[in-house]
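Okay, here's what each chain looks like letter by letter:
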Amino acid sequence: MKQTFSIKGMSCQHCVARVENGINELPGIQKVKINLKKENGVVKFDDSQVSAAQIATKVTEAGYPAEVI
Ligand SMILES: [Cu+2]
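Please read all numbers here as calculations on a predicted model, not as lab measurements.

### Concerning the coordination of the copper ion
Around the copper ion, the protein contributes the donor atoms C12 (SG) and C15 (SG), which lie 2.1 Å from the metal centre. When its relative accessible area of 6% is taken as the criterion, C15 is described as buried.

### Focus: the pairing of strand β1 (residues 2-7)
In the sheet, β1 pairs with strand β3 (residues 40-45) via 5 bridges, with the strands oriented antiparallel. Bridge pairing in β3 places K2 opposite K44.

### Things to note about the environment of H14
Examined against the element boundaries, H14 turns out to sit in helix α1 (residues 13-24). Overall, the relative accessible area of 60% leaves H14 in the exposed class. As a C-alpha pair, H14 and I55 span 41 residues in sequence and 19 Å in three-dimensional space.

### Comments concerning the sheet that holds strand β2 (residues 29-35)
Strand order in the open sheet formed by 4 strands is β2-β3-β1-β4, and the pairing between neighbours is antiparallel. The two strands at the open ends of the sheet, each matched to only one other strand, are β2 and β4 (66-68). Taken over all neighbouring pairs, the strand axes of this sheet differ in orientation by 25° on average, direction set aside. Against the sheet, helix α2 (residues 52-61) touches β1, β2, β3 and β4, its axis set at about 30° to β1.

### Quick word on the nonpolar core
In this structure, I7, I23, I29 and I55 are the most contacted members of the largest nonpolar core, which totals 20 residues. Among the elements of the structure, β1, α1, β2, β3 and α2 are those that each provide at least two residues to this core. Those residues in contact with I7, other than ones at most four positions away along the chain, are V19, I34, E39, N40, G41, V59, Y64, P65 and A66.

Rules used throughout
Numbering of residues starts from 1 in each chain and follows the order in which that chain's sequence is written. Only residues with pLDDT of 70 or above have their local features reported here, since the model is predicted, and side-chain atom pairs are shown and tallied only from 80 upward, although totals for entire chains, interfaces and linings are computed over all residues. Hydrogens and water molecules were not included; the side-chain quantities draw on all heavy atoms of the structure. Metal sites are built from N, O and S donor atoms within 2.8 Å, or 3.2 Å for Na, K and Ca, and they leave out water, so they may look incomplete. Under the scheme applied here, a residue whose accessible area is under 20% of the maximum for its type counts as buried, over 50% as exposed, and between as partly exposed, the area being computed with a 1.4 Å probe on protein chains only. Strand pairing is assigned whenever DSSP detects at least two bridges linking the two strands. Helix and strand assignments come from DSSP, with helices taken as H or I runs of at least 4 residues and strands as E runs of at least 2, each series counted from the N terminus. Between N-to-C directions, angles cover 0 to 180 degrees, with each direction set by a line fitted to C-alpha atoms, over the stretch in contact for helices. Whether two residues are in contact is decided by their heavy atoms, any of which lying within 4.5 Å being enough. Here the nonpolar core consists of buried residues drawn from Ala, Val, Leu, Ile, Met, Phe, Trp, Tyr and Cys, with membership extended through side-chain atoms lying within 4.5 Å.

If you want it as structure tokens, here you go:
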């Protein structure tokens, strides 16, 4: 499935990379597209392996408060 998240606190491409790498550590991630300007990200994932809530938690733990939108 495909889910959009709001992601707060990203200020540069390093932040984007940190968020992307964090998400990619989870199982079942198929595609990650982060938009720094819009403060959001779109993730395609296999929802039998990982949930949207788990992705939001992972990003939040990396230091960027994230929510499913
Ligand atoms: Cu940064």
